[in-house]
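Topology and contacts: notes
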Amino acid sequence: MNTSRSRGRTLKTLRTTALAVLLTTGAFTMASPEAQGESARTETAVSTSAGVTETVVRVKAPLPASFGARPAACDWLSYLRYRSSTGPAASADADRVLVAQPGILEGAGAFDSVARNTVTRAAEQGRHIEFWALDRRSNCLEDPTGIASGDQHTAVDYYYRGKQVAGRTFAGFVGNDQLGWMAKLGIEQTVRDEYDLLAAELPDQSVRKDKVLCGGHSLGGVITGYFAAADFDGDPATTADAGHNQCAGYFALDTTVSTSLADLSGSIPDDTNLPDVGLGYGVVQAGLDSGVLPRSLSAPVLLNPETMTLLAIAGVGALQDPGGEADLPSYLPANTNIEATNRFLFSKDTATFLTGSPAVKDFRLTNEAVLGALMDDQSVPLAFLQSSVGFYDGGPITDKNFPVTNGSSTQPGLFGTEYKAIPAVPHGPLYTWRNYDRVGDPDDPGYKSSDGTPFTAAGKEVTDIQELARSMAGQPLDFTEQYFPTKLVTDLELADSPQVKRLVVHPDGLTANPTLTVLAGDGLLAGRVPADLHPVVADGYQHLDVLTAAPVQNNGRPEPVSTALTEFARTPQ
């Protein structure tokens, strides 16, 4: 075993131990901001490990009255703050502050690994930077109580059986009739929220202009583009408030900094309830206001509040008992949504999907293998949910030819390019999970597809499954986003409408600052890398890997995304 890999594993052990302490002591569960007193700002410790201090910060920023009734928690903005434990306590004194917008259906917790890796790498070079992972305002609707228990059965009982946790009872997933205020939560309010947060946390505009790097992942790159071109005081002649003057530079993670969705093809599934933008801005807005159109983006399977919660519950199991045999598929209650999602994710072919046999509960899987089945690029069919966390082990593996056939030349970009695999023997051996850094080892069976194509290789695996589990189930702000505002996407789809075009007040703001573009080699832009942006390409990475990759890769080298961010933070150019 090489020294770099050992160091990576030691780092992982330290982080996992710190997380276990948080979960078992209950320090992870926090009161809502409004219950913490009248302060307009709260900052609560999450963890300190491996030289990185993480806190969750909430800043009061009430929405305009025109938004209508909403939960009190939705008048707050939240972010995860990562900083060097030996660095300055005040953000304004940091050498640089990276502020990151999440992608579609994504929360602040998704940035956990890249934030830690970047802060750590900078500290090793004697520089102290901060990484702020922003949460969208609509994430205020999520209830993390069951996940925060740190126990998988407790979480299932909380969300599905009405059992109390920490004196709280789950109120249920929020329906469209309760989301009226989200009908106005589009790109204008989203960039306003970022500006208000920056102004509150770093009141001196010259400090923001000198030290802040603005960026994001996936859809977050487009949001950053609108932020860069925005004007926040209503007077274009005064530019201290302009978006581009809040940043010293921009960074894009498997995306581009632009005001167009064109570079994100494949990030929005065709089966979501996204309204037909051909209706026009006014008609779409009227539909959102009335509730005729859904105010939150969702799909029949996998992409809805319930199934997003299931991903986090799977993460709890992987943290709690990684190698233990999973009982989650049988412990979950039976309902149409869960059944349809399980069939979609765990059917080897169309016949299996239609009959439901064999079902996921017919296979013996460890808790890590369950999480891998839900998130790995050789398993989950949706490209924008894929990460490279290793591969199945412990028994025979076969091709997963649903919803598309392996090797198909007509495979839609939505499903990515990797061959999919699935355990072959129900009621058979206990299938385990081979972590990213054990793929290609001498004891690796080297599983292959029926056409002889290897399912994976060491150079294609980059994310530690335990770090992914921590990001999904060990953060006070979720990895996934249960209530994504439909209006945010319809606004961007309707970019040529006068109502949206007026928001691009300073178009030159898009090029006013240096930009770092980092792309996943197998991500959304695979095969069409924009050479004029001179991007850093992380070979073998999937769309989520740019956020979740481990600090040391299988080639013994430091993780390239955080390395590029660290260098860019030194002197943006």
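Report follows, based on the coordinates. These numbers come from a predicted model, not from an experiment.

Topologically, Arg 137 is positioned in the loop between β5 (129-134) and α3 (145-148). Given the relative accessible area of 4%, Arg 137 is considered buried. Ignoring sequence-local partners within four residues, the contact set of Arg 137 consists of Ala 61, Leu 63, Cys 74, Asp 75, Trp 76, Leu 77, Trp 181, Leu 185, Gln 189 and Asp 193. Here the side chain of Arg 137 touches Cys 74 through a polar contact of 2.8 Å, landing on its backbone oxygen.

So, about the pattern of salt bridges. Scanning the entire structure with this criterion turns up 25 salt bridges. Residue Arg 70 pairs with Asp 75 through a salt bridge whose shortest N-O separation is 3.1 Å. In this structure Arg 70 comes out as partly exposed when scored by relative accessible area, which is 22%. Among the residues examined, Asp 75 registers a relative accessible area of 14% and is labelled buried. The residue Glu 188 makes a salt bridge to Arg 502 at a minimum N-O spacing of 2.9 Å. Of this pair, Glu 188 sits in helix α5 (residues 187-201) while Arg 502 sits in the loop between α16 (498-501) and β15 (515-520), and the two are 314 residues apart along the sequence. Glu 188 gets classed as partly exposed once you look at its relative accessible area, which sits at 41%.

For the rest of this paragraph, the subject is unusual backbone geometry. A cis geometry characterises the amide bond from Ser 357 onward to Pro 358, with omega recorded as 0°. Counting through the fold element by element, Pro 358 comes out in the loop between α12 (350-355) and β9 (364-365). Look at the link from Phe 402 to Pro 403: it is a cis peptide, with omega at 5°. With respect to the helices, strands and loops of the structure, Pro 403 is situated in the loop between β11 (397-399) and β12 (421-423). A positive phi angle, near 50°, is found at Ala 50, a position not held by glycine. Of note, Ala 50 is situated in the loop between β1 (41-49) and β2 (52-60). With phi around 50°, His 534 is a residue other than glycine that occupies positive phi space. Within the secondary structure, His 534 sits in the loop between β15 and β16 (536-538).

About the criteria used
Residues numbered from 1 in each chain as written. Predicted model: local features only at pLDDT ≥ 70, side-chain atom pairs only at ≥ 80, totals over all residues. Heavy atoms only, no water. Helix = DSSP H or I, 4+ residues; strand = E, 2+ residues; numbered from the N terminus. Buried < 20%, exposed > 50% of the residue type's maximum accessible area, 1.4 Å probe, protein only. Contact = heavy atoms within 4.5 Å. Polar contact = N/O pair within 3.5 Å; in protein donor to acceptor, adjacent residues only side chain to side chain. Salt bridge = Lys/Arg side-chain N within 4 Å of Asp/Glu carboxyl O.

Distances and angles like these do not, on their own, reveal function.
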